[in-house]
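# Coordinates in review
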Amino acid sequence: MLYSGKKITFVQKKKLMLDKIYFLPISLLLFLVSCASNENTQYELPKTVQLSSSPLFNPIFIENFMDAPIKVGNIWNDSLISLCRINKIQFVYKGEKNPDNIAETYMNLFNQHGQIQEYSYFNFELSTTEFTEIIFGYKENKLISMNTPIFFGQKKDQKISISERNDCLILVKNKMEAVQDSTFIYSKNGQTVLIIEKLGDFISKINFILDVKKPVVSVKHWIKRLNISDEKFLTADRIVTFTEHNLPQKAYHLTENLVKEYLSSEWIYENNKKLIGYKKYINNQIVKEFSFDYSEDKIMRSFTFNKKVYEIQYN
């Protein structure tokens, strides 16, 4: 309050004193509120929840962890996401040009049942809007479709249809061309046992998931059951992934005679339970590498992907 050159009366002096008295606590309150709003509050598990070693995502699909999920659909553990009351998971990477600014954000939104509703990828060094967006569609609590309005910065009208047939989840990417991309994910007792990727009728990749105690030749029953010809098997990228206690351990390329060849992937665990790392190889060279960091409550808080550190934020 300003009094420019005029004589200040007793009433005005009293008002100035009151202004000062009330101004101090209000200023202090605003300061405290400002500090609280700027504080980066960390997600905490509900008090009734104690995690063991179950990851929030299926480690068999870790190769696709940073990719748009158009090939594999939902990689998240629905029941655990719901139990932990998680509505959103974000991976945040701060930029190389300006380390104080966010360069990339991967966002996954979930409903109250822990089912993923939306996936978005932002690359703020290229655009202020979504670089990729995927909308998940459900019917009677079953995932039936994925739509991609934006894909790698381009407006698209792509739809991936998802259906179940006995023990197999089938994802088909609808295209304008006659050739369609498709993925077949076979499961037994809730565990993935076989993944086949196809371009039209051409089998591009076949991944047998096998308990470490079983011989490699036991995959022959899948080849026979699915009537995979020698020619299609020969031209496919053939992988066998060994599991122990239902956790993937190492994956190898297979020869056409079902002989284990060079290492393709390896998963690294702490105490044989908690996933702390993953490496993907091509010609004995690491092409993808993850390391994961956890807090004491066994929630993953950050990870390093090919030397880039991502913070994980939960809401």
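Owing to the predicted nature of the structure, the values given are computational and were not obtained by experimental measurement.

### What about unusual backbone geometry?
Despite not being glycine, Phe-152 has its phi angle at roughly 50 degrees, a positive value. Along the chain, the position of Phe-152 falls in the loop between β5 (142–151) and β6 (154–165). Take Phe-152: its relative accessible area is 52%, and that puts it in the exposed class. For Leu-258, which is not glycine, the phi dihedral falls at a positive 65 degrees. Mapped onto the secondary structure, Leu-258 falls in the loop between β12 (247–254) and β13 (260–270).

### So, the confidence of the model for the protein
Chain-level statistics for the protein give a pLDDT mean of 86 and a share of 86% at 70 or above. Confidence, read as mean pLDDT per element, is least for helix α1 (residues 10–38) in the protein (41) and greatest for strand β11 (residues 237–244) (98). Taken as a whole, residues 1–40 scores under 50 in pLDDT and shows nine contacts with residues more than four places along the chain or in a different chain.

### Quick notes on the pairing of strand β8 (residues 181–188)
On a regular strand, one side chain projects to one face of the sheet and the next to the other, so that they alternate. Within β8, six of the eight residues are buried, which leaves the element mostly enclosed by the surrounding structure. Pairing between strand β7 (residues 168–174) and β8: six bridges, direction antiparallel. Pairing of Leu-169 across the sheet is with Ile-185, part of β8. Looking at chain direction, β8 and strand β9 (residues 191–199) are connected through eight bridges and run antiparallel. Each residue of the ladder has a partner; that of Lys-188, found in β9, is Gln-191.

How each quantity is defined
- Residues numbered from 1 in each chain as written.
- Predicted model: local features only at pLDDT ≥ 70, side-chain atom pairs only at ≥ 80, totals over all residues.
- Heavy atoms only, no water.
- Helix = DSSP H or I, 4+ residues; strand = E, 2+ residues; numbered from the N terminus.
- Buried < 20%, exposed > 50% of the residue type's maximum accessible area, 1.4 Å probe, protein only.
- pLDDT = per-residue confidence, 0-100.
- Contact = heavy atoms within 4.5 Å.
- Pairing = 2+ DSSP bridges.

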